[in-house]
Amino acid sequence: MSSVSLEHIYKQYDGSDEYSVTDFNLEVKDKEFIVFVGPSGCGKSTTLRMISGLEEITKGTLKINGEVANNKAPKDRDIAMVFQNYALYPHMTVYQNMAFGLKMRKYDKDEIDKRVKHAAKILGLTEFLPKRPSALSGGQRQRVALGRAIVRDAPIFLMDEPLSNLDAKLRVSMRTEIARLHRSLDTTTIYVTHDQTEAMTMADRIVVMKDGEVQQIGTPAEVYDKPANVFVGGFIGAPPMNFFTLDFDGKYLTDADNGISLLLKPEQATKLDEAGYDGKQIILGIRPENIHVDEAFVQAHPDTVLDGEIVVSELLGNESQLYCKVKNHSYIAKVNARDHEAPGTKKTASLDLDTVHFFDPTTELVLK
Amino acid sequence: MKRTNKHSVLSDILLIIVLISVVFPFLWVLLSSFKNEADIINYPPKLFASHYTFSNYTDIWKTIPMTRYIINTVIYAVGVCAISVTFDSFTGYALARMRFRGRTFFYYVIMVTMFIPFAITMIPLFMELSKFGMINTYAGLIIPHATTAFGIFMMRSFFVGLPEDLAEAARLDGLNEFQIYFRIMLPLAKPQLITLTIFSLMGSWNDLLYPMLMTTDQSMRTLAAGLALIGGQHITYYGPVMAGTIISMLPLFVIYMFAQKYFIQGSAMSGMKE
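Quantities reported herein were computed from a predicted structural model and do not represent experimental measurements.

Each value, and the rule that gives it
Residues numbered from 1 in each chain as written. Chains lettered and ligands numbered in written order. Predicted model: local features only at pLDDT ≥ 70, side-chain atom pairs only at ≥ 80, totals over all residues. Heavy atoms only, no water. pLDDT = per-residue confidence, 0-100. Contact = heavy atoms within 4.5 Å. Buried area = accessible area lost by both parts, 1.4 Å probe. Salt bridge = Lys/Arg side-chain N within 4 Å of Asp/Glu carboxyl O. Axes fitted to C-alpha atoms, helices over the stretch in contact; angles between N-to-C directions. Helix = DSSP H or I, 4+ residues; strand = E, 2+ residues; numbered from the N terminus. Parallel < 35°, antiparallel > 145°, perpendicular 65-115°, else oblique. Left-handed = near helix turned anticlockwise from the far one by under 90°. Nonpolar A, V, L, I, M, F, W, Y, C, P; charged D, E, K, R; others polar. Phe/Tyr/Trp six-rings, centres within 6.5 Å; stacked < 30°, edge-to-face > 60°. Lys NZ or Arg CZ within 6 Å of the ring centre and 35° of its normal. 1 Å grid on protein atoms, 1.4 Å probe; cavity = no way out; pocket = protein on both sides within 12 Å on 5 of 7 lines; lining within 4 Å. Points joined across faces, edges and corners; volume = space filled by probe spheres on them. UniProt positions renumbered as here; feature names shortened; annotations may be inferred. Core = buried A, V, L, I, M, F, W, Y, C linked by side-chain atoms within 4.5 Å. Buried < 20%, exposed > 50% of the residue type's maximum accessible area, 1.4 Å probe, protein only. Pairing = 2+ DSSP bridges.

Caption draft 1: Spotlight on the confidence of the model for chain B. Residue and element names in this part refer to chain B. Residues of chain B with pLDDT of at least 70 account for 92%, and the chain-wide mean is 87. Counting interchain partners and residues more than four positions distant, the pLDDT-below-50 stretch residues 266–271 has 19 contacts. As a predicted assembly, this complex carries a pTM of 0.81 together with an ipTM value of 0.81.

Caption draft 2: Region of interest: the interface of chain B and chain A. Each partner contributes to the interface: chain B provides 21 residues, whereas chain A provides 27 residues. Summing the contributions of chain B and of chain A, the shared interface buries around 2,100 Å²; its carbon and sulfur component is 61%. For the pair chain B and chain A, the interface holds one salt bridge. Residue R49 of chain A is joined to E168 of chain B by a salt bridge in which the shortest nitrogen-to-oxygen separation is 2.6 Å.

Caption draft 3: Fine view of the packing of helix 9 (residues 164–172) of chain B against helix 10 (residues 177–188) of chain B. All names here are of chain B. Where helix 9 contacts helix 10, the axes come no closer than 10 Å and their chain directions differ by 135°. If you check the angle between helix 9 and helix 10, you find them oblique. Two packed elements cross with a definite hand, and for helix 9 against helix 10 that hand is right-handed. Residue-level contacts link L166, A167, A170 and R171 of helix 9 to E177, I180, I184, M185 and L188 of helix 10. When its residues are assigned to classes, the contact of helix 9 with helix 10 shows seven nonpolar, no polar and two charged.

Caption draft 4: View of unusual backbone geometry. The step from A238 of chain A to P239 of chain A runs through a cis peptide bond, and the omega angle for that step is -10°. Inspection of the secondary structure assignment puts P239 of chain A in the loop between helix 8 (230–235) and strand 11 (242–248). Residues Y43 of chain B and P44 of chain B are joined by a peptide bond in cis, for which omega reads -5°. For K106 of chain A, which is not glycine, the phi torsion reads 60° and is therefore positive. Mapped onto the elements, K106 of chain A comes out in the loop between helix 2 (94–104) and helix 3 (109–123). Notably, N136 of chain B is not glycine yet its phi reads approximately 65°, a positive angle.

Caption draft 5: Structural detail: the packing of aromatic side chains. Scanning all chains against the criterion turns up 23 aromatic pairs over all chains. Through pairs of rings, three or more aromatic residues link up here, namely F90, Y93, F158, F159, F178, Y181 and F182 of chain B. The side chain of R287 of chain A reaches across the aromatic face of Y224 of chain A, ending 3.9 Å from its centre. Here the guanidinium or amino end of K35 of chain B rests over the ring plane of W28 of chain B, the centre of that ring lying 4.4 Å away.

Caption draft 6: Expanded view of empty space enclosed by the protein. Across all of its chains, the model carries one cavity of 30 Å³ or more by this definition. Looking at the largest cavity, its volume works out to about 90 Å³. Elements that contribute at least two residues to the lining of the largest cavity include exactly strand 6 (79–82) and helix 4 (138–151) of chain A together with helix 9 of chain B. Looking at the lining of the largest cavity residue by residue, the class counts come to six nonpolar, no polar and three charged.

Caption draft 7: Structural view of the layout of surface pockets. Residues and elements named next belong to chain B. Of the pockets and cavities examined, the largest pocket occupies roughly 820 Å³. Along the walls of the largest pocket sit 28 residues, with P144, H145, T147, T148 and A149 positioned nearest its centre. Listed by contribution, the elements that provide at least two residues to the lining of the largest pocket are helix 4 (66–97), helix 5 (103–113), helix 6 (118–131), helix 8 (149–160) and helix 11 (190–206). By residue class, the composition of the lining of the largest pocket is 16 nonpolar, nine polar and three charged.

Caption draft 8: Structural detail: the UniProt feature "transmembrane region" (unreviewed entry) in chain B. Sites flagged by UniProt as "transmembrane region" (unreviewed entry) map to residues 12–31, 69–93, 105–126, 138–159, 180–205 and 237–259 of chain B. Taken end to end, residues 12–31 of chain B comprises 100% helix and 0% strand; its first and last C-alpha atoms sit 26 Å apart.

Caption draft 9: Spatial organisation of the nonpolar core. Membership of the largest hydrophobic core comes to 74 residues, with the highest contact counts inside it found for F24, F36, L62 and I190 of chain A together with F159 of chain B. Ignoring sequence-local partners within four residues, the contact set of F36 of chain A consists of F24, L26, K44, T47, L48, I51, I190, Y191, V192, T193 and V207 of chain A. Among the nonpolar cores identified, the runner-up in size contains 46 residues, and V35, L129, L163 and A203 of chain A belong to it.

Caption draft 10: Fine view of the sheet that holds strand 2 (residues 21–28) of chain A. Residue and element names in this part refer to chain A. Strand order in the open sheet made by the four strands is 2-1-4-5, with antiparallel pairing throughout. Of all the strands in the sheet, the pair left with one neighbour each is strand 2 and strand 5 (67–68). Bridging between strand 4 (residues 59–64) and strand 5 involves two bridges; their strand directions are antiparallel. In the sheet register, I64 faces strand 5, and the bridge partner there is E67. Strands in contact with helix 1 (residues 44–52) are strand 1 (4–11), strand 2 and strand 4; relative to strand 1, the strand with the most contacts, it is inclined by about 120°.

Here you go:
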C-alpha cells in the first residue's frame, strides 16, 4: 500500500509576499496515476517537489502511507523521482547511474546487479549499460532516468515533466512506455506536465492547477466533459473550448454586436431563469467538435446557427479545424475532413446545445 | 592540402613570428646551458657554439645546494598546490551552491583581493610572518598561499554552471551535502581541478619574490630564488645558471605534457539536457 495525502498544503518562497501554492488538498490512492497539469508557474512542480522533500512545506500536512512526512529527508520518503532534464551523473556509466542509489542505500552487490539488469531489460537499455550518458540520445537518456527510478523499487514515482525535452514523436512513444511501466510496476505515480494531451492520455485522475490553486480534480473524462470553470474548459482539450459571452432574456442568448442569437431549449432556459440569470449575462462554452457545419445538422438545428466566415483552416487528414469569425467573435469548429473549406469561405455552423456549458461571468464557475 | 587563402597565409606568418619570439629565449637558454662561458658571453652573440659541454650541469651542483633547493621547491609548490586547490574548490563550491547570509559580500571581498598587487601586501606580510616567527619555515612559505582568489573564482564559475537537478537527484539517492560534493561535483570538476593544479604548481614553482623575501637562510631557499641569487657580487657565471634554469623547468614541462588534454576538456553537462 502506498498513498500520498496532501492536506491544506501552502508554499511561500523566501522573500515573496504571495503563496506559490495555496490550500492544496489531494488524496492519492494506492497505484493511482495522478497528473498535475497547468500552465507554467501554476505551482505544479513546486507541489511535486514538496512531496519529494526537495522543497519545504510552508503550511499544511503531507502524509505518505499515513505517516506525516513534512520533515522527512527526501531519501527517507520511499519515493523515486524522474527529472525533466534527466539529471544523470555524467561521469558514471548507465550501469553506475542506475546502481548508484542502491549502492548509497547499501544494497548487496548481487542484488544491485540483478535489479539494474532487470530494469535495463524492461527499458531496452542492456546494450547501453557500459556507456556514458553523453553517448546516448535524448530518449535513451530519459529511459536511463526512468531506470534509475525503477531499480529503487520505490512504491511512489514522481515525474517532473519527463517528456518535455523530447521531440514530438519520441514523446508519444515514451508516453505509452510510461503508461505501460506504470501498469506493470504497480507504483503510485504523480506526474507533472503542462501538456494536456499527456494528462488526458495517461492519468487516472487529473489535477488542473492555475496560479497556485487547484481548479479541478477528476478523471480525464470528468475534467473534459464537466469542466469546473472557464479556465479548465479552456485549458483541457485541443483546440480549446469556445466561449461566448451572451445576454439572456429568458429564452434567447444573444450578442447583438456580433449578430448572434441562440434559442435555448426550454429546460435550459428554465434552469438559467431559476438561477437568476434572466436579463443578465452568461458565458456559454462549447467544444469545437460540438459546432457542426454539415448541412443535415444545420438544417435540423436552425435556432442555434452562427453565420461565420472561415479565417484559417487546417486539414489534419481525417478531420479539419476551421477557425471562424462571426463579425468580431472568433470560434473554432472541429469538423469532418469532407467539410473542409478554404479560408474566406462563408460557413454556416450550428451549435449542439446538448453539449454546452454555462459559466457565471463574474466567478467563471460552471452552473450546475 | 592546397592553401590559396591570403588570410590564412598571413596568419601563418604571424603565428610563426609569435612562435619564434616565444620559443627563442628558451632555445637560447637551452643551447647556452651546453656552451662554455666564453661562447655565452661572446660578442656578437652566436646562437650555436663551436663545441658543447655538460660541465655546466655538473658545476651547478657544486656551486649551489641544488638538491636542497629542489626539495624545498617541491615541498613549497606541492604544499601550496595541494592546500590551495582543496580550499579553493571548497570555497568555490560553497559560494556557488550553498545558501548563507553574506554569500555575495564574501565573494566580492575575495574578488577585490585579486586586484591588490603583491608589492602592497609584501611588507605587512613579511612583518606579520616575522612576528609569528615563521620566516625561514615551510609553514611561512605555504600558509599565506593556502587559498587564492583566482582559484576560488575559477572553481566558483564552474560550480555555478552545474545544474541543480544533479544535486537534487543525488539528495534523493541519499547523499548528504559532503557526499554530493565529493562523489558528484568533484569528479565533474576534474578538468578544472587539473588546470588549477597546473596553474598553482607553476605559480609556486616559478615564484621568485615571495620565497626570496620569506627565506634568508640558504637551506630554505627555493630553486627560483636560489638561482637568482647565484651571481656573485662582482662576477656571474652564466653557464651554470642556464643549466640550473633548464633543470628547474623540466618537471613542470613534463607535468604539462601529461595534463594538457584536460585544459580544454569540459564534460560536465553531458548527462543533462542542455
